[in-house]
Amino acid sequence: MKQLPNYKIGVIAIAVILAVTALIWLKGSIEQTEVGIEVDDSINLTPEQIESIKAIGQWEFLSVSDEQMVDTVRKGFFSDDHLVRIYYGTVRLGIDLHQVDSGWINTRGDSLEVTLPRITLLDRDFIDEARTKSFHESGRWKPRDREALYQRARRKMLAHCLTKQNIEAAQKNGEAQFREMMRSMGFHHVAIFWEH
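Just so it is clear, the structure is predicted and the values come from calculations on it, not from any experiment. (Residues numbered from 1 in each chain as written. Predicted model: local features only at pLDDT ≥ 70, side-chain atom pairs only at ≥ 80, totals over all residues. Heavy atoms only, no water.)

Asks: Residues and numbers for the overall build of the chain, please.
Replies: Counting its regular elements, the chain contains four helices and seven strands. Order of helices (α) and strands (β) in the chain, N terminus to C terminus: α-α-β-β-β-β-β-β-α-α-β. Evaluated residue by residue, the chain yields a buried proportion of 29% over its 196 residues. Across the chain, the fraction of contacts at a sequence separation of at least 24, relative to all contacts at a separation of at least 6, is 80%. Total accessible area on the chain stands at roughly 13900 Å², and carbon and sulfur atoms take up 54% of it. (Helix = DSSP H or I, 4+ residues; strand = E, 2+ residues; numbered from the N terminus. Buried < 20%, exposed > 50% of the residue type's maximum accessible area, 1.4 Å probe, protein only. Contact = heavy atoms within 4.5 Å. Areas by Shrake-Rupley, 256 points an atom, 1.4 Å probe, with all protein chains shown as cover.)

As structure tokens, this is what we get:
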């Protein structure tokens, strides 16, 4: 059997000593290592999350169904012409999140403050023309006469549905829905303000 030269034996001995020293040091480091869990109560909304909330766009908080009967009379020489129609519509109230101002949402720890845009009419074409019925019609009526009747019905529905009470009910529903969404994201304290 061939004998190793002395310098190779020395190199192997030094390598073994270094390996044993490294293992002893590593064992001591592992024994001194402490593991802890820290709880971070702060919740941060990323710009992407804020944009995804804004992407909801129109958010309906209240819908009010209405019907209006509108009539008009045209005096004639021998007889009068009558046009009576019944219009049906659903007025939808809510917000458009595309209209929020910068800085509309602020977080601090597990608290959130948000300023929502004013409650508004979400759909300007709320009359269901397919359900519109002619209740009574006599004589000849032009399209502009029917359009005038339609516009009167529209104004009456708006006056009947866009009331202070309905706007307040929409705000209350909106606050409940928005607060629930934010709580599901981990915010415990949600303050909601409305633009004026």
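Asks: Tell me about the pattern of salt bridges, residues and numbers included.
Replies: A full pass over the atoms with the stated rule returns one salt bridge. Notably, a salt bridge pairs Arg 92 with Glu 60, separated by 2.7 Å at the nearest N-O pair. Pair noted here: Arg 92 is in strand 2 (residues 81-96) and Glu 60 is in strand 1 (residues 58-74), with a separation of 32 residues, a long-range link. Residue class for Arg 92 comes out partly exposed when judged on its relative accessible area of 25%. (Salt bridge = Lys/Arg side-chain N within 4 Å of Asp/Glu carboxyl O.)

Asks: Just give me the short version of helix 4 (residues 164-184), but keep the residues and values in it.
Replies: Compared with an ideal rise of 1.5 Å per residue, which puts 21 residues at 30 Å, helix 4 spans 30 Å between its outermost C-alpha atoms and is within 8% of the ideal. Listing the buried residues of helix 4 in full gives Asn 166, Ala 170, Gly 174, Phe 178 and Met 182. Down the axis of helix 4, the buried set is contained in an arc of 125°. They therefore lie on one face. In this structure, helix 4 carries Gln 165, Lys 172 and Glu 180 as exposed residues pointing more than 90 degrees from its buried face. At the exit of helix 4 stands Gly 186, carrying a positive phi of roughly 105°. (Expected span 1.5 Å × (residues − 1). Arc of directions from axis to C-beta.)

Asks: Account for the sheet that holds strand 4 (residues 111-116), with residues named and values stated.
Replies: The strand order across the open sheet built from three strands is 3-4-7, with neighbouring strands paired in mixed fashion. Looking along the sheet, the strands with just one partner apiece sit at the ends: strand 3 (105-108) and strand 7 (189-194). Between one strand axis and the next, the sheet turns by 15° as a mean value, whatever way the strands run. When strand 4 meets strand 7, the two strands line up parallel, connected through six bridges. When the bridges of strand 7 are listed, Val 114 appears paired with Ile 192. This element, helix 4, spans strand 3, strand 4 and strand 7 of the sheet and lies at about 145° to strand 7. (Pairing = 2+ DSSP bridges. Axes fitted to C-alpha atoms, helices over the stretch in contact; angles between N-to-C directions.)

Asks: Describe in detail helix 3 (residues 143-161), supporting the description with residues and values.
Replies: With 19 residues, helix 3 should reach 27 Å at 1.5 Å per residue; the first-to-last C-alpha distance of 27 Å fits that figure. For helix 3, the complete set of buried residues consists of Leu 149, Tyr 150, Ala 153, Arg 154, Met 157, Leu 158 and Cys 161. Each element contacted by the buried residues of helix 3 is listed here: strand 1, strand 2, strand 5 (120-121) and helix 4.

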